[in-house]
Amino acid sequence: MKKFALLFLILILGVLFVIFSRKWDKLSEKDQSTLDRTLAHWETWVPARKKDSTAPLITFEELYKGLDSEAQGFLDRVRKIKPSKKDFDKSIPLKRIAGQKILRHGQSETLDTQYLPSKVYEAYEQMMAAMKQDLGKRLWVDSGYRSPAYQLYTFLYYMPKHHDSLSETRKWVALPGHSEHGDSNRQAIDFISEGGINGDSDFEQTAEDFERLREYKWLKQNAQKFGFKLSFPRGNWTTTFEPWHWRYSPSKS
Ligand SMILES: [Zn+2]
């Protein structure tokens, strides 16, 4: 009899878990329209911030400004799904990286300005000097520091492309406060090759395109010496395979 009661309890807990974890998977119709309204409002000013290269520095105050209380409440709820334990240490100086140039399909393109904590930038530059010496090539910073507010914007921006499903979107974009791009102790860099290979599906590329680069093979052999580690190798449990995403976390020794 005791066994039966235990099984029953496990079943109830299982059902509750499924209900609880499904609760926020798909947005309600009301939330969907709130999201659409919010994205439309952001569309009026975020592109200008992307253009003047200050989008990765956007604050929550700026993101909430001009939104009605319902939209603000919706943003609060998304931020509470997995509250972040710590904020990016604002005392850390950020290095502005402007004027990086790639050659995509024979056309010269300047990448958006990026930001990295100074010590990460220095380690990256040292690593690139070594790569250049070995391969005659280097990698550029496609994405560096992103504020938690910009991460929230990015997360919601991609949500309609993932059927307004939180769990689907989370496979591709980290929740605000949980991206290594906004983590002072594990700052991530997304790399792009001089020829414009970054594995981005927007450019009809896959992770395998980046994986095939000689620069990637070089990173796998050498990055650790400079304090960089591959965060999401093939078959990881957190997210999809991201050969371009390396975090700076030098060992303490
Ligand atoms: Zn990344």
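The paragraphs below set out a description of the structure included in this document. (Residues numbered from 1 in each chain as written. Predicted model: local features only at pLDDT ≥ 70, side-chain atom pairs only at ≥ 80, totals over all residues.)

### Some remarks on the overall build of the protein
- Of regular secondary structure, the protein possesses 10 helices and eight strands.
- The principal-axis extent of the C-alpha atoms belonging to the protein is close to 70 × 50 × 40 Å.
- The proportion of buried residues among the 253 residues of the protein is 29%.
- In the protein, of all internal contacts separated by at least 6 residues, the share reaching a separation of at least 24 is 67%. (Helix = DSSP H or I, 4+ residues; strand = E, 2+ residues; numbered from the N terminus. Buried ≥ 20, exposed ≤ 12 C-beta atoms within 10 Å, placed from the backbone. Contact = placed C-beta atoms within 7 Å.)

### With respect to the nonpolar core
- Counting residues in hydrophobic clusters, the biggest one holds 27 residues, and the most contacted among them are Leu116, Tyr124 and Ile189.
- Mapped onto this core, the elements with two or more residues apiece are β4 (114-117), α6 (118-135), β5 (139-143), β6 (188-193), α10 (214-222) and β8 (245-248).
- Apart from the residues lying within four places of it in its own chain, the contact partners of Tyr124 are Leu116 and Ile189.
- Phe74, Leu75, Leu152 and Tyr153 belong to the second largest nonpolar core, which has 14 residues in total. (Core = buried A, V, L, I, M, F, W, Y, C linked by C-beta atoms within 7 Å.)

### Re unusual backbone geometry
- Although it is not a glycine, His163 sits at a positive phi angle of roughly 55 degrees.
- Position of His163 among the secondary structure elements: in the loop between α7 (148-158) and α8 (166-170).
- Its identity is not glycine, yet Glu204 carries a phi of approximately 55 degrees, on the positive side.
- Relative to the helices and strands, Glu204 resides in the loop between β6 and α9 (207-211).

### A closer look at the packing of helix α2 (residues 29-43) against helix α5 (residues 69-80)
- Contact geometry for α2 and α5: axes closest at 10 Å, N-to-C directions at 105 degrees. Viewed along their axes, α2 and α5 adopt a mutual orientation that is roughly perpendicular. On α5, the residues that touch Asp31, Thr34, Arg37 and Thr38 of α2 are Glu70, Ala71 and Phe74.
- Residue composition of the contact of α2 with α5, grouped by class: two nonpolar, two polar and three charged. (Axes fitted to C-alpha atoms, helices over the stretch in contact; angles between N-to-C directions. Parallel < 35°, antiparallel > 145°, perpendicular 65-115°, else oblique. Nonpolar A, V, L, I, M, F, W, Y, C, P; charged D, E, K, R; others polar.)

### Here's the deal with the pairing of β6
- In terms of burial, β6 is largely enclosed, as six of its six residues are buried.
- With burial as the criterion, each face of β6 is covered, one bearing Ala188, Asp190 and Ile192 and the other bearing Ile189, Phe191 and Ser193.
- Here β5 pairs with β6 via four bridges, running antiparallel. By the bridge assignment, Ser143 is partnered in β6 with Asp190.
- Where β6 and β8 come together, three bridges link them in antiparallel fashion. Directly across from Asp190, in β8, lies its bridge partner His245. (Pairing = 2+ DSSP bridges.)

### Comments concerning the sheet that holds β8
- Here four strands make up an open sheet; going across it, the order is β5-β6-β8-β7 and the pairing antiparallel. Of all the strands in the sheet, the pair left with one neighbour each is β5 and β7 (228-230). Adjacent strand axes in the sheet meet at a mean angle of 45 degrees when their direction is disregarded.

### A short note on the environment of Glu194
- Here Glu194 is to be found in the loop between β6 and α9.
- Along the primary structure Glu194 and Leu39 are separated by 155 residues, whereas in three dimensions their C-alpha atoms are 33 Å apart.
- Setting aside its immediate chain neighbours within four residues, Glu194 contacts Ile102, Leu103, Lys137 and Arg138.

### Remarks on α10
- Considered for burial, the residues of α10 that qualify are Glu215, Tyr216 and Leu219. Along α10, the residues classed as buried sweep out an arc of 100 degrees about the axis, all on the same side. Set apart from the buried face of α10 by more than 90 degrees, the exposed residues are Lys217 and Gln221. (Arc of directions from axis to C-beta.)

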